[in-house]
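# Notes for the structure review
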Amino acid sequence: MSTQTKQFNLHEDWTVVILGFLIIGISLFVFLPEVPIFKWSNGAELSNDVFAFSNLKLIITQFIYLIIIGTLGAFLIGKSVKYFLLVFPIVYILTVIALILAGNSEIKALNLEAVIFSLIIGLLIGNFFKLPEWFRSALATEVFVKIGLVLLGTSVIFSDILKAGSLGLIQALVVVLSVWYFAFWLCRKLKVDDELTMMISSAVSICGVSAAIATSGAIKGDSKKLTYVISMVLVTAIPMMIFMPIIARYFNFPEEVTGAWLGGSIDTSGAVVASGTLVGETALKISTIVKFSQNVLLGLAAFAISVYWIYTHNKSDEAVASKPTLGVIWERFPKFVIGFIVASLVFSFLITPEVRDEVKDSLKNLQGIWFALAFTSIGLETNFKDLLSNNSKKPLYAFLIAQLFNVIITLIIAFLLFGK
């Protein structure tokens, strides 16, 4: 039985890499899907912009595009194509509702991302309606997440960091390594389970939601634990986004220092931009550069975490006697990480900035919608009781203490590097 599972996982990961690069290839050479409008602030904008015939046409075109890619994925990994075709339209409609809710200007101001609405809608339907087993089994959560992660690689551009000089990258390296190790040590001290330990450490130290998702993929983690970590990330980002600029202004921190502090310690890119904007243009620029630098480290971190996890959690008979060989590591290594790194390298060094600027919004939109589809699916297949069954508050304490450490250490490093 275990052999079959390994083959299936390997097959799924390669399928995801193929689909990710198929989407990239289509965007570069064949067809660039337009980005539908989901932004609105009042009823008039909702009906005139979001529900305009032209925009509904874009949403339907996007649906056809995604269902073709998804059906190909279901076929390649051996899922029922018939059930996938029945289930996907429902998941897509629920996800579009989440995107419309998240597109409201007041909700955007709170920096509540679409994935949290996808998750809530999925949880409500999954818990108040009894979904048949075939429906749950047709949900391709892992495939959606990993396609999104391969596409995320296209937005991690090395030249952005090089242009910004070395200070942002130095800060990112010091912060990521020190905060990751502290969070890991703290989780171990509090006896938090291994999967949550890895996800919390990455989420706090690297880049929040994306890092938690990538880590969960790298260790083949439990989606309920991933949901728990992401909820903590999104909930803590809101007060940090509001109060850190206020603290910086109260103590008259230099704008460069404030930008580096915000970019290094706030976990979601949207919240970094929002808080940087509250401070000023210089703070916005530096906070974005520092955040980009941390995002670049995501691929390397996912690679290192994968190898570490294989070494420490390989329970096969031969591994008990000796550490895994390179062959075993390669066999168990999550191939989507390679897809992420290759996509990043291709977009950093092989594609001109003009072409990159032309396709980036469309690819970012596609990456976002695959993540949102994944979280709708996680909600549909998760029971509230499962989600809340972790009565231990230790992961929450670990996350909050690690986040406080992150805020303090990042401020010290920001002063050392950017203080004049």
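Because the structure is predicted, anything quoted here is derived from the model rather than measured. (Residues numbered from 1 in each chain as written. Predicted model: local features only at pLDDT ≥ 70, side-chain atom pairs only at ≥ 80, totals over all residues. Heavy atoms only, no water.)

Our next topic: the overall build of the protein chain. Scanning the protein chain from N- to C-terminus turns up 22 helices and zero strands. Expressed as a percentage of its 420 residues, the buried residues of the protein chain come to 52%. Just so you have it, the protein chain exposes about 19100 Å², and 69% of that area is on carbon and sulfur atoms. (Helix = DSSP H or I, 4+ residues; strand = E, 2+ residues; numbered from the N terminus. Buried < 20%, exposed > 50% of the residue type's maximum accessible area, 1.4 Å probe, protein only. Areas by Shrake-Rupley, 256 points an atom, 1.4 Å probe, with all protein chains shown as cover.)

Right, let's get into the environment of T197. Looking at the element boundaries, T197 is found in helix α11 (residues 194–207). Along the backbone, T197 and F399 are 202 residues apart, and their C-alpha atoms lie at a distance of 9.3 Å. Discounting residues that sit within four places of it in the chain, T197 has contacts with F184, C187 and V192. (Contact = heavy atoms within 4.5 Å.)

Right, let's get into helix α3 (residues 53–77). Between its terminal C-alpha atoms α3 stretches 36 Å, which fits the 36 Å expected from 25 residues at 1.5 Å a residue. Looking only at α3, the buried set comprises N55, I59, Q62, Y65, L66, I67, I69, G70, T71, G73, A74 and I77. (Expected span 1.5 Å × (residues − 1).)

With that settled, consider helix α14 (residues 255–265). Residue pairs spaced three or four apart in an α-helix point in one direction, given the helix's 3.6 residues per turn. In terms of burial, α14 is largely enclosed, as nine of its eleven residues are buried. For α14, every residue scored as buried is listed here: V257, T258, G259, A260, W261, L262, G263, G264 and S265.

What the rule picks out here adds up to 18 aromatic pairs. Taken together, F63, F84, F88, Y92, F144 and W370 form an aromatic cluster joined through their ring pairs. (Phe/Tyr/Trp six-rings, centres within 6.5 Å; stacked < 30°, edge-to-face > 60°.)

It is worth spelling out the packing of helix α16 (residues 281–312) against helix α19 (residues 336–350) at this point. The N-to-C vectors of α16 and α19 enclose an angle of 155°; their axes lie 9 Å apart at closest approach. When the interaxial angle is binned, α16 and α19 end up roughly antiparallel. Between α16 and α19 lies a crossing whose hand is left-handed. Contacts between α16 and α19 involve L298, G299, A302, F303 and S306 on the former and, on the latter, V337, F340 and I341. Here the contact of α16 with α19 is built from residues that sort into six nonpolar, two polar and no charged. (Axes fitted to C-alpha atoms, helices over the stretch in contact; angles between N-to-C directions. Parallel < 35°, antiparallel > 145°, perpendicular 65-115°, else oblique. Left-handed = near helix turned anticlockwise from the far one by under 90°. Nonpolar A, V, L, I, M, F, W, Y, C, P; charged D, E, K, R; others polar.)

Looking now at the packing of α11 against helix α12 (residues 209–218). Closest axis-to-axis distance for the α11/α12 pair is 7 Å, and the angle between their directions is 145°. When the axes of α11 and α12 are compared, the crossing they make is right-handed. Across the interface between the two elements, M198, M199, S202, A203, I206 and C207 from α11 touch V209, S210, A211, A212, T215 and S216 from α12. In the contact of α11 with α12, the residues fall into eight nonpolar, four polar and no charged.

Before going further, it helps to spend a moment on the pattern of salt bridges. A full pass over the atoms with the stated rule returns three salt bridges. Between K225 and D193 there is a salt bridge whose closest N-O contact spans 3.4 Å. With K225 in helix α13 (residues 223–250) and D193 in the loop between α10 (166–189) and α11, this residue pair connects regions lying 32 residues apart in the sequence. Overall, the relative accessible area of 30% leaves D193 in the partly exposed class. As a salt-bridge pair, K225 and E195 come within 3.7 Å of each other at their nearest N and O atoms. (Salt bridge = Lys/Arg side-chain N within 4 Å of Asp/Glu carboxyl O.)

With that out of the way, let us pick up a nonpolar patch on the surface. There is a patch of nonpolar side chains on the surface, built from I242, F243, I246, I247, Y250 and F251 and spanning about 650 Å² of accessible area. Note that I246 resides in helix α13. (Patch = residues over 30% accessible without salt bridge, like charges linked within 9 Å, V, L, I, M, F, W, Y side chains within 5 Å.)

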